[in-house]
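Structural overview for review
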Amino acid sequence: MEADALLPGEPTMTDTEGCTLCDLPLSGAAVENDAGEQFCCRGCRGVYETVGDGEVSGDADPEGSSAEIDEGDVDTPEGYETTFLRVDGMHCSTCETFIEARGRETDGVGSVDASYITDTVRIDHDPETVDEDGLREGLTGLGYRAYARGDPLGERRAEDEILMRLVVGVVFGMMVMLQYVALIYPTYFENGLYYSPDVAEFLGEMLAGTSASYFYLMVGLLTSIVLFYTGGPILKGAYVSLRTRQPNMDLLVALAATSAWAYSTLAIFLGGDHIYYDVSVGIILVVTGGSYYENEIKQRATEKLADLTKAQVDEAERYVDGSTETVPVADLAAGERVLVREGERVPVDGHVAEGEGTVDEAVVTGESLPVPKRAGDEVVGGSLIQDGSLVVEVGESATSSVDRITDAVWDLQSANHGIQQLADRLATVFVPVVLVLAVVVGAVHVALGAGIAATLLVALTVLIVSCPCALGLATPLAIASSVREALERGIVVFDETIFERLRDVDVVVFDKTGTLTTGEMRVVDATGDEGSFERAALLETRSSHPIAAAIASEYGDRSVAPDGGLVDASETDSETEHGSDGGDASAEGAGTDRVTEFESYATGVGGVVDGTDVLVGHPDLFVEQGWSIPDRFEAVVDEAHEGGNVPVVVGEDGASVGVVVVGDDPREGWKEAIERLDTGGVEVALLTGDDERAAAAFGEHPGVDHVFAGVPPEAKAETVRRLGAGKRTVMVGDGTNDAPALATADLGIALGSGTALAADAADVAIVTDDLGSLETVFDLAEATNARVRQNIGWALCYNAVAIPLAVSGLINPLFAAAAMATSSILVVTNSARPLLDD
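Here is what the cut-offs are and how they apply
Numbers given to residues run from 1 along each chain, matching the order in which its sequence is written. Residue-level local features of this predicted model are given only where pLDDT is at least 70; pairs of side-chain atoms are given and counted only at 80 or more, and the full residue set underlies all totals for whole chains, interfaces and linings. As a rule here, side-chain values come from all non-hydrogen atoms in the structure, and water together with hydrogens is ignored. A run of H or I in DSSP becomes a helix once it reaches four residues, and a run of E becomes a strand once it reaches two; helices and strands are each numbered from the N terminus. Only protein chains enter the accessibility calculation, which uses a 1.4 Å probe; a residue is then buried when its area is under 20% of its type maximum, exposed when over 50%, and partly exposed in between. Residues are treated as being in contact if the distance between any of their heavy atoms lies within 4.5 Å. Here, Shrake-Rupley sampling with a 1.4 Å probe gives the accessible areas, and only protein chains in the shown set may cover a residue. Geometry of aromatic contacts follows a simple scheme: Phe, Tyr and Trp rings, the Trp one being its six-membered ring, pair when their centres are within 6.5 Å, and the pair is stacked under 30 degrees between planes, edge-to-face over 60, tilted otherwise. Whether a charge sits over a ring depends on NZ of Lys or CZ of Arg being within 6 Å of the ring centre and within 35 degrees of the ring normal. Axis geometry follows a simple rule: fit a line to the C-alpha atoms, using only the stretch in contact for helices, then measure angles between N-to-C directions, giving values from 0 to 180 degrees. Orientation is classified from the angle alone, with under 35 degrees giving roughly parallel, over 145 giving roughly antiparallel, 65 to 115 giving roughly perpendicular, and any other angle giving oblique. For this classification, Asp, Glu, Lys and Arg are treated as charged, while Ala, Val, Leu, Ile, Met, Phe, Trp, Tyr, Cys and Pro are nonpolar and the rest, including Gly, are polar. Here the rule is simple: two strands pair whenever DSSP picks up at least two bridges between them. The crossing is said to be left-handed when, going from far helix to near helix, the turn is anticlockwise and less than a right angle, and right-handed when the turn is clockwise. Note on patches: the residues involved have over 30% relative accessible area and no salt bridge, like charges join within 9 Å, and the nonpolar side chains Val, Leu, Ile, Met, Phe, Trp and Tyr join within 5 Å. By convention in these notes, a salt bridge is any Lys or Arg side-chain nitrogen within 4 Å of a carboxyl oxygen on Asp or Glu.

In this section: the overall build of the protein chain. The secondary structure content of the protein chain amounts to 27 helices and 32 strands. Residues classed as buried in the protein chain amount to 54% of the 838 residues present. Put simply, 67% of the contacts in the protein chain that link residues at least 6 apart link residues at least 24 apart. Surface summary for the protein chain: the accessible area is close to 34800 Å², and the carbon and sulfur share equals 52%.

This is the structure:
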């Protein structure tokens, strides 16, 4: 279909105002629509004309849709700075509310946005009043730990603490349970089923004397370690839920565990012999173990993507009077110059002061083809120098486009508040009902003449049976099972909440380069003499440009090594260096004696091969050098452009003799993936930074509803937001330029070959780069949601039976604990079943 970016009329203008869609500054490429609204590029105008302002009424907005996301668009007071922190310990929407309230209590803090989904907190603050250290201190405590995002030591400490809590709980919990199994449980059986009647009677007498109090106190001390240290995060969650008046599962679990502990401790001092510390230990260890298992599975999944590439640069080579010094990027000032060599990334935005080279800007702009740069051209921070070297003059902002995209992603993540999980939503109703029920049952027993001890025992039983471990395990075990099963299928899940918040998908938005295509260049067609192409390949082996590598691979017997050097299949390795400034270089190298002269240009290469002058490159290079291009080859060039490919003209002795067409292949299975979505009634959109010609071939697919071409990264996020008005959206991408859009969508899916920032912004990554796995992600989400509901159903069935028995006084806490263990086993067994059939 025709790209939505292709609109009639091309008025251009420059203004100090920002783009109507993405707020980027307007430049010479700015355009306006018939209504006089201004846009930074044709791509933004095309998006706006198609989806409008994206506003939607509250009634039309489904729960969890991307239209609810604020995008972090907060007006920062003048003089305030924005700081992003990672906060460990947040695991529900209640934590978000508490952290935001706690952050606002710090002097000098304006606004605070927290997201437990991404563990991200955005804080607008006065740097004169409070610095980053003060912000971290203000948010750290009560089981929360704040530290700078990306700090590996902070992440390692958090993981170590979780493991330590569980290990301590298991060790001391085993000590407690050993006492129960060996000494306490036998006193409950006087029929010889456990020990002989004489032994049981002896143990009963021993535990009824004065010395028994010291024994029970010792058990109580061990239990206290499990409850208050291992169960610390649960108690913290319960406290936070009370502070924010949002009951959650932590409060329900804490009620049961602390009630059993408090009753048992009181019973010791009152001389009672019904001690239920085992209930406290069991509840804490089972729930903590389930949470740890879930975290361990997720950690194992994220380690699969540890080798993702990074586009941010920490240091730069400052260039002064012909010499360089390594300095932090943060120390660079506007007007200074930096040297960027072949294979390095440009540290900050600026313009080329000296040199020529080829720059890959795909990580920032999404443009699939490298761009030639020479003195006066603008370059963006994060782009990669593929050929040549440049001296770059630092721009006014002295910042990188990649850094700005990163900030945009963190903005979106901090504003992406999580939804309440199903178990927590149940707890908001369940907790008050249980408390009222326990009080009513206790009052009735007192009214009927029961003693204080008997009344407390019945009330305790109600609290214990009302908080089955099964309810606490229902969600984490089902999610851990789904994360593990996804990993086995080459899918890494970063945000487990997708399994509850992602139900029906309305819109799927695809990036093009590296997502629907492989992003790797190859020869797709050629017109001309094969012998000429072979001679061209000999020259192209000396260039590290990906198009040169494709031609050399197709027509030569050598390829380009990762460092840009030459690799000969039959002779020993040798490198031939050449400048990128148009100077000559020696042609002496292994297997290159056929090349007697070589010259590199910004848009191609030239030289003498077998005594013949050879020129290979962009058609504009032939115009610059005065070489002719016959009409039949001009037609091939035009056809290649229309297909979104790159025409490389090959010439000998002053005239072109052929055209090699190079392009990146469509990814295998892309048509089938879109067809399945279209069959399921899902709206499909293509969103790319490439021009409309490169996107046209994909737009012709009948399942593609919209094509937005030439869209900058900042506008991609806004496009997804507007497409998601009243709908649930999925964004599929791979590059840093896709990261804001991935963070904006209800579900962001990054391909495993993409950048680290794309993975950081996404909820899911497909390690295998198989687009067929998209359907698997949706199926897993649906199956996991069903499994969570099954598990909660088991837990509620247990409650439906156990609570009436507890109210009537027919069971005591010991049998309640046994029934709770049975229901937990059912949940564990159900969670262990495969979610999807192979």
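The rest of the description comes next.
In this section: the packing of aromatic side chains. Following the criterion strictly, the structure yields eight aromatic pairs and no others. Aromatic side chains phenylalanine 98 and tyrosine 144 sit 5.8 Å apart centroid to centroid with 25° between the ring planes, which places their arrangement in the stacked category. Separated by 46 residues along the polypeptide, phenylalanine 98 in helix H2 (residues 93-104) and tyrosine 144 in the loop between helix H3 (132-139) and strand S7 (145-148) bring together distant segments of the chain. When sorted by exposure, phenylalanine 98 lands in the same class as tyrosine 144, which is buried. Within the aromatic cluster, the residues linked to one another by ring pairs are Phe98, Tyr144 and Tyr239. In this structure, arginine 165 packs its charged tip against the face of tyrosine 229, placed 4.9 Å from the ring centre. The cationic tip of lysine 236 hangs over the ring face of tyrosine 144; the distance from NZ or CZ to the ring centre is 4.0 Å.

One can describe the packing of helix H1 (residues 42-51) onto helix H23 (residues 713-723) by two numbers: an axis separation of 10 Å at closest approach and a directional angle of 5°. On the basis of their axis angle, the class for H1 and H23 is roughly parallel. Only Ala715, Thr719, Arg722 and Leu723 of H23 make contact with H1, whose side of the interface consists of Cys44, Val47, Tyr48 and Val51. Across the contact of H1 with H23, the residue classes break down as six nonpolar, one polar and one charged.

Okay, helix H17 (residues 530-540) next. H17 sits mainly inside the fold: eight of its 11 residues count as buried. Restricting attention to buried positions, one finds in H17 the residues Ser532, Phe533, Arg535, Ala536, Ala537, Leu538, Leu539 and Glu540.

Another point: the sheet that holds strand S6 (residues 120-125). The sheet built from four strands is open, its strands ordered S5-S6-S4-S7 with antiparallel pairing. On the outer flanks of this sheet lie strand S5 (109-115) and S7, each paired with one strand and no other. The mean angle between the axes of side-by-side strands here comes to 30°, regardless of whether they run parallel or antiparallel. Sheet analysis places S5 next to S6, joined by five bridges and oriented antiparallel. Of the residues in S6, the one forming a bridge with valine 109 is histidine 125. Where H3 meets the sheet, it contacts strand S4 (81-88), S5, S6 and S7, and its direction lies at approximately 35° from that of S4.

Turning next to unusual backbone geometry. The backbone phi angle of aspartate 610 is positive, close to 55°, even though this residue is not glycine. Examined against the element boundaries, aspartate 610 turns out to sit in the loop between strand S24 (604-609) and strand S25 (612-617). Positive phi, normally seen in glycine, also occurs at aspartate 653, with a value near 55°.

So, on to the packing of H17 against helix H18 (residues 546-555). Between H17 and H18, whose axes approach to 8 Å, the crossing angle comes to 130°. As judged from the angle between their axes, H17 and H18 are oblique. As for how H17 packs across H18, the hand of that crossing is left-handed. Listed contacts from H18 to Glu530, Phe533, Glu534, Ala537 and Glu540 of H17 are Ala548, Ile551, Ala552 and Tyr555. Grouping the amino acids of the contact of H17 with H18 by side-chain chemistry returns six nonpolar, no polar and three charged.

Residues Leu163, Val167, Val171 and Met175 make up a contiguous nonpolar surface patch of about 300 Å² in total accessible area. On the secondary structure map, valine 171 appears in helix H4 (residues 152-184).

This brings us to the sheet that holds strand S8 (residues 315-320). Taken in spatial order, the six strands of this open sheet run S9-S8-S10-S16-S11-S14, and their pairing is antiparallel. Either end of the sheet is taken by a strand with one partner, and the two such strands are strand S9 (323-328) and strand S14 (378-379).

This part covers the environment of leucine 456. Checked against the element boundaries, leucine 456 lands in helix H13 (residues 452-466). Owing to a relative accessible area of 37%, leucine 456 belongs among the partly exposed residues under this scheme. In this view, leucine 456 contacts Tyr263 and Leu266; residues no more than four positions away in its chain are not counted.

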